[in-house]
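These are the residues of each chain, in order.
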Amino acid sequence: MKKSKLFIFGIMLAAIVMFSCKGRNKLINSWKITTVEAKVPLSDSAKNVILKQGKLTFTEDGHVNGYLQSEITNGTYALTKGGKSLVIKDETGTPYPCESTITSDELILDSKEMKLTLKKI
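Residues numbered from 1 in each chain as written. Predicted model: local features only at pLDDT ≥ 70, side-chain atom pairs only at ≥ 80, totals over all residues. Heavy atoms only, no water.

Asks: Would you explain the pattern of salt bridges in this entry?
Replies: Side-chain pairs of opposite charge can arise whenever the charged atoms involved come near each other. Within this structure, the stated rule accounts for two salt bridges. Among the salt bridges present, the one from Asp 110 reaches Lys 39, with a minimum N-O distance of 2.3 Å. With a gap of 71 residues between them, Asp 110 in strand β7 (residues 106–110) and Lys 39 in the loop between β1 (29–38) and α2 (44–53) connect regions that are remote in the sequence. Taking relative accessible area as the criterion, Lys 39 reaches 47% and is therefore assigned partly exposed. (Salt bridge = Lys/Arg side-chain N within 4 Å of Asp/Glu carboxyl O. Helix = DSSP H or I, 4+ residues; strand = E, 2+ residues; numbered from the N terminus. Buried < 20%, exposed > 50% of the residue type's maximum accessible area, 1.4 Å probe, protein only.)

Asks: Explain the packing of aromatic side chains here, please?
Replies: Each aromatic ring pair is described using two quantities: the centre-to-centre distance and the angle formed by the ring planes. Per the stated rule, a full pass over the model turns up one aromatic pair. Here Phe 58 and Tyr 77 contribute two aromatic rings whose centre-to-centre distance is 5.0 Å and whose plane-to-plane angle is 85°, an arrangement assigned as edge-to-face. Remark: Tyr 77 occurs in strand β4 (residues 71–80) and Phe 58 occurs in strand β2 (residues 55–58); sequence separation between them is 19 residues. The same class applies to Phe 58 and to Tyr 77, which are both buried. (Phe/Tyr/Trp six-rings, centres within 6.5 Å; stacked < 30°, edge-to-face > 60°.)

Asks: Can you walk me through the layout of surface pockets in this structure?
Replies: Take a probe with the size of a water molecule and roll it over the atoms, and the empty space left behind shows itself. Quantified by volume, the largest pocket comes out at close to 240 Å³. Going through the elements one at a time, β6 (95–102), β7 and β8 (114–120) are the ones with two or more residues in the lining of the largest pocket. The greatest single-element share of the lining of the largest pocket, amounting to four residues, is contributed by β6. Taken together, the residues that form the lining of the largest pocket break down as nine nonpolar, two polar and three charged. (1 Å grid on protein atoms, 1.4 Å probe; cavity = no way out; pocket = protein on both sides within 12 Å on 5 of 7 lines; lining within 4 Å. Points joined across faces, edges and corners; volume = space filled by probe spheres on them. Nonpolar A, V, L, I, M, F, W, Y, C, P; charged D, E, K, R; others polar.)

Asks: I would appreciate a short explanation of the pairing of strand β3 (residues 63–67) in the present structure.
Replies: The side chains of a regular strand alternate, first on one face of the sheet and then on the other. Taken together, the four bridges between β2 and β3 define a ladder with antiparallel strand orientation. Pairing of Leu 56 across the sheet is with Gly 66, part of β3. Remark: four residues form the turn of the hairpin made by β2 and β3, two consecutive strands paired antiparallel; Gly 62 in that turn has positive phi of roughly 90°. Where β3 meets β4, four bridges bridge the pair, whose relative direction is antiparallel. When the bridges of β4 are listed, His 63 appears paired with Thr 76. Between β3 and β4, which pair antiparallel in sequence order, lie three residues. (Pairing = 2+ DSSP bridges.)

Right under this line is the structure:
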């Protein structure tokens, strides 16, 4: 009886891991910012810098590098809620939470300050 309960628990754990990794696998890549929709006042020059330099690279080991509103050289990320919630932390630990939509070639990050559309590069 104990073995069958342990087996069922193992199957359930494997299913949870598979579903939680689904969105993460789509995220692992390099992405270029193509659209910036500001929700708070943002100067044209700041928007242009984000569009010109905006790029994020997500790795399998949970790290992220690139440029959002500033340079991220050794950041981390956590993707939760089945890929619908992404928190990027820069090297100082400052969190940038956002709702995320991930497809095979597009990433949409929607935060309080702005909505960013990124294309896979």
